[in-house]
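# Understanding the architecture of this molecule
Residue strings, one per chain:
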Amino acid sequence: MAKTVVLDRKPLSFSERTYLPQIANGLKTTFSNMFKPKVTLQYPEEKPKIPQNYRGVPTLVKDPNGREKCVSCQLCEFVCPPKAIRITPGGVPEGEDDREHVEKAPEEFEINMLRCIYCGYCQEVCPEEAIFLQDEYSSSGYSREEMINNKAKLYELGGTLPDQHYKWDKKKKAEGQGNSH
Amino acid sequence: MFDYELIQLILIKVIFAFLMVGAIMTMAGYSVLAERKVSAWMQGRVGPNRTVLPFVGHIPVVGSLLKGLGIFQPLADGLKFLFKEEIVPGHVNKFYYYLAPIVALVPALTTMTVLPFGEFVNAEGVTIPLILADLDIGILFVLAVSSLGVYGIVLAGWSSNSKYPFLGGIRSSAQMISYELAMGLSLLPVFLWVSEPGSTVSSLSLVEIVRSQQGSTWLLIIQPISALIFLIALFAETNRLPFDMPESETDLVGGFHTEYGSFKFGIFFVAEYAHIVIGSAIFTLLFLGGWNFLPWLDNPWGADWMGALIGTGWFIIKTISLIFFFIWVRWTLPRFRYDQVMDLGWTKLLPLALANLIFYIFVVTWLDQSNLNLP
Ligand code: SF4
Ligand code: SF4
């Protein structure tokens, strides 16, 4: 068992008992603090630096070729704990040459930001790396409807992220060789 | 039928009074701003820097500077208090509830009548102090009236009919009574000193005490202990940290004004800061030489009205520095516990003030005897 050593507390000296030297010391500290640089961020004009891997508003992204990556598999809709995502699946419009070989695309994609809890499950579950929680952190609106991000808004927020696979390029090449699957 | 001179005199006094109320209230308003700014600077923040008047904000350099200093913030704060909804809780005693803020503000404004802020020599060579009423018992009047301010707090605490304001009111009255004693006792040696036989002045008037410090040392240097006790008691009387018992946000929600809102709260707020302004002014008059320049130096300015203006400015600068000191202490020290406040008041300050008084009685007696060559 550890031994407890009780230290004798030194009795306070007279000057310590008057508090006055300590008060003077404290006053010195606060005074010098007045001239130190300020830490305030003037918020709407200055924005904080967002660290990497920050989980902000969920967004849809395109690959560097400008194709939408989501194939409306609806996995994110299924996994989303508060059921914030609502997807209307659809096909790729006829005649869009470089996208025709993609089976599906979302016709409408809505994320209700009043329900979203920023858990990031949608990003984790997406097989196409199409949905990301990025650095946008402030979403506000005057009505409930305004707080639902539709597909256009989601792509606008998401932008383009680098891609490692270019899956659809590979797929098109394979198709050209008569081996689409 | 009409005595025109009398009417003229009254008119001048009334104008003077309005000017003075305006000046003190403005200073109180800007002390609130100073409090916010200084606390912000001490905590590494920038403080209020958004409020701006239309047009003024667009003046190139000055506008943004004023905006950054938050010069217009007190205006916005005052208007906010004015336009907020008046809420009177159902369980209060209406009459006293409305009376309390008035009772808190009136003494603060009354003490300013005996507050001199300069003097000048007119064409006939008569020295005229700039003061509303040059009472012979100036300091007694101040002590008597300013301690009436506690009634506002007690009434607010009692009429609110709820426990936190009540506790705040009780604490406040106990604290006021304890520190009043030490305050009065700390002033006795000061007046003993200036009223010794053989000296020119012998009065409790605030003007005389400033004159006694003209060209000689400040009383702060002669009587540091009296000044210290008076300053501590002043902190307690104005309910400033480390003695802000009636408010003590952490244990009493808002203290005595918990049930107050909108303009009635604003009046309490202004009264508190008016007390600080007047307390600082009185400390300056008593211990820091009032409108006199520096210790041992003659005033570098003349005695005409120009000199009087400069002297008044100098007096205001001293007062403002003291207000800054009040704010500075507030953002440095933590609050005393209630029993510690009582302990400090009764067992430390009061005996110290008594010992100080007795010591100076001996000193003054000894000086007198050697002056008058008594056996
Ligand atoms: S975002 Fe990903 S998980 Fe959601 S539907 Fe599109 S492809 Fe599927
Ligand atoms: S972050 Fe979570 S809550 Fe928000 S949309 Fe994605 S899965 Fe749903």
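Details of the structure are given in the entry above.
Below: a short report on this structure.

### Examining the overall build of chain A
Counting its regular elements, chain A contains six helices and five strands. For chain A, the α and β elements follow one another from N to C terminus as α-α-β-α-β-β-α-β-β-α-α. For chain A, the C-alpha radius of gyration of 29 Å lies well beyond 16 Å, the compact-globule estimate for 181 residues. For chain A, the residues scored as buried account for 29% of the 181 residues in total. Summed over its atoms, the accessible surface of chain A is roughly 12,900 Å², and 53% of this surface lies on carbon and sulfur atoms. A gap of 13 Å separates the mean positions of the 26 positive and 27 negative side-chain charges of chain A.

### Quick look at the pattern of salt bridges
Enumeration over the complete set of coordinates arrives at nine salt bridges over all chains. Note that K69 of chain A and D163 of chain A form a salt bridge whose closest N and O atoms lie 3.2 Å from each other. Note that K69 of chain A is positioned in the loop between β1 (58-60) and α3 (75-79) and D163 of chain A in the loop between α5 (151-158) and α6 (167-176), a separation of 94 residues in sequence. Residues K69 of chain A and D163 of chain A agree in their burial class; the two are buried. One salt bridge connects K348 of chain B with D343 of chain B, and the closest N-O pair in it is separated by 3.3 Å. Taking relative accessible area as the criterion, K348 of chain B reaches 45% and is therefore assigned partly exposed.

### As for the site of ligand 1
Inspection of the region around ligand 1 gives 13 residues, with C70, C73, Q74, C76 and C126 of chain A positioned closest. Split by residue class, the shell around ligand 1 holds ten nonpolar, two polar and one charged.

### Quick look at the interface of chain B and chain A
Contacts between the two partners involve 17 residues from chain B and, on the opposite side, 15 residues from chain A. Around 1,400 Å² of area is buried between chain B and chain A when both sides are counted, 70% of it from carbon and sulfur atoms. Inspection of the chain B/chain A interface yields one salt bridge. The salt bridge partner of E45 of chain A is R50 of chain B, with a shortest N-O separation of 3.2 Å. Remark: the boundary between chain B and chain A carries seven residue pairs in polar contact (both at pLDDT 80 or more).

### Some details on the sheet that holds strand β5 (residues 148-149) of chain A
All names here are of chain A. Strands sit in the order β2-β3-β5 across an open sheet of three strands; the sheet is antiparallel. Two strands lie at the open edges of the sheet, namely β2 (85-91) and β5, each paired on one side alone. Looking at chain direction, strand β3 (residues 104-112) and β5 are connected through two bridges and run antiparallel. Across the sheet, the residue bridging to I111 is N149, located in β5. Docked against the sheet, α5 engages β3 and β5, running at close to 85° with respect to β3.

### Quick notes on the nonpolar core
By size, the foremost hydrophobic cluster in this structure holds 69 residues, and its most contacted members are I209, F230, F283, L286 and F287 of chain B. Here the element with the most residues in this core is helix α12 (residues 262-287) of chain B; it accounts for ten residues. With residues up to four places along the chain from it excluded, the contact list for L286 of chain B reads I139, L187, F191, L206, I209, Q213, L219 and F230 of chain B. Counting residues in each nonpolar core, the second largest holds 20 residues, with C76, F109, C116 and L133 of chain A among its members.

### Brief notes about the side chain of T332 of chain B
Along the chain, T332 of chain B falls in the loop between α13 (305-330) and α14 (338-372). Polar side-chain contacts of T332 of chain B include one of 2.7 Å to the backbone oxygen of W328 of chain B. Setting aside residues up to four positions removed in sequence, T332 of chain B forms contacts with G26, L27 and T30 of chain A.

### Some words on a nonpolar patch on the surface
Taken together, L6, L9, I10, V14 and F18 of chain B make up a surface patch of nonpolar side chains, about 500 Å² in accessible area. Structurally, F18 of chain B is set in helix α1 (residues 4-42).

### Here's the deal with the packing of α12 of chain B against α13 of chain B
All names here are of chain B. Contact geometry for α12 and α13: axes closest at 9 Å, N-to-C directions at 120°. Classified by the angle their axes make, α12 and α13 are oblique. Relative to α13, α12 is oriented so that their crossing is right-handed. In contact with Y273, I276, V277, S280, A281, F283, T284 and L285 of α12, α13 contributes F315, K318, T319, L322, I323, F326 and R330. Looking at the contact of α12 with α13, its residues break down into ten nonpolar, three polar and two charged.

### Things to note about the packing of α1 of chain B against α13 of chain B
Any two packed helices are characterised by how steeply their axes cross, that is the angle between the axes, and by the distance between the axes. All names here are of chain B. Contact pair α1 / α13: the axes reach a minimum separation of 10 Å and the direction vectors enclose 45°. Compared by their axis directions, α1 and α13 come out oblique. Once α1 is placed against α13, the crossing between them reads as right-handed. Across the interface between the two elements, M27, S31, A34, E35, V38 and M42 of α1 pack against I316, T319, I320, I323, F324, I327, W328 and R330 of α13. Residues that form the contact of α1 with α13 fall into these classes: ten nonpolar, two polar and two charged.

### A short note on the environment of K47 of chain A
All names here are of chain A. On the secondary structure map, K47 appears in the loop between α2 (20-33) and β1. Judged by relative accessible area, K47 falls into the exposed class, the value being 53%. When near neighbours in sequence (up to four residues on either side) are disregarded, K47 contacts L41 and Y137.

### Section: the environment of G91 of chain A
Examined against the element boundaries, G91 of chain A turns out to sit in strand β2. For the pair G91 of chain A and E107 of chain A, spaced 16 residues apart in sequence, the C-alpha to C-alpha distance is 7.4 Å.

### What to know about unusual backbone geometry
Residues and elements named next belong to chain A. Look at S72: it is not a glycine, yet its phi comes out positive at around 50°. Among the structural elements, S72 can be located in the loop between β1 and α3. Among the residues examined, S72 registers a relative accessible area of 1% and is labelled buried. The phi angle at K83 is positive, at roughly 55°, despite the residue not being glycine. Turning to its location among the elements, K83 is positioned in the loop between α3 and β2.

Calculation rules
Residues numbered from 1 in each chain as written. Chains lettered and ligands numbered in written order. Predicted model: local features only at pLDDT ≥ 70, side-chain atom pairs only at ≥ 80, totals over all residues. Heavy atoms only, no water. Helix = DSSP H or I, 4+ residues; strand = E, 2+ residues; numbered from the N terminus. Rg over C-alpha atoms; globule rule 2.2 N^0.38 Å. Buried < 20%, exposed > 50% of the residue type's maximum accessible area, 1.4 Å probe, protein only. Areas by Shrake-Rupley, 256 points an atom, 1.4 Å probe, with all protein chains shown as cover. Lys, Arg positive; Asp, Glu negative; His and termini not counted. Charge placed at Lys NZ, Arg CZ, Asp CG, Glu CD. Salt bridge = Lys/Arg side-chain N within 4 Å of Asp/Glu carboxyl O. Near = heavy atom within 4 Å. Nonpolar A, V, L, I, M, F, W, Y, C, P; charged D, E, K, R; others polar. Contact = heavy atoms within 4.5 Å. Buried area = accessible area lost by both parts, 1.4 Å probe. Polar contact = N/O pair within 3.5 Å; in protein donor to acceptor, adjacent residues only side chain to side chain. Pairing = 2+ DSSP bridges. Axes fitted to C-alpha atoms, helices over the stretch in contact; angles between N-to-C directions. Core = buried A, V, L, I, M, F, W, Y, C linked by side-chain atoms within 4.5 Å. Patch = residues over 30% accessible without salt bridge, like charges linked within 9 Å, V, L, I, M, F, W, Y side chains within 5 Å. Parallel < 35°, antiparallel > 145°, perpendicular 65-115°, else oblique. Left-handed = near helix turned anticlockwise from the far one by under 90°.

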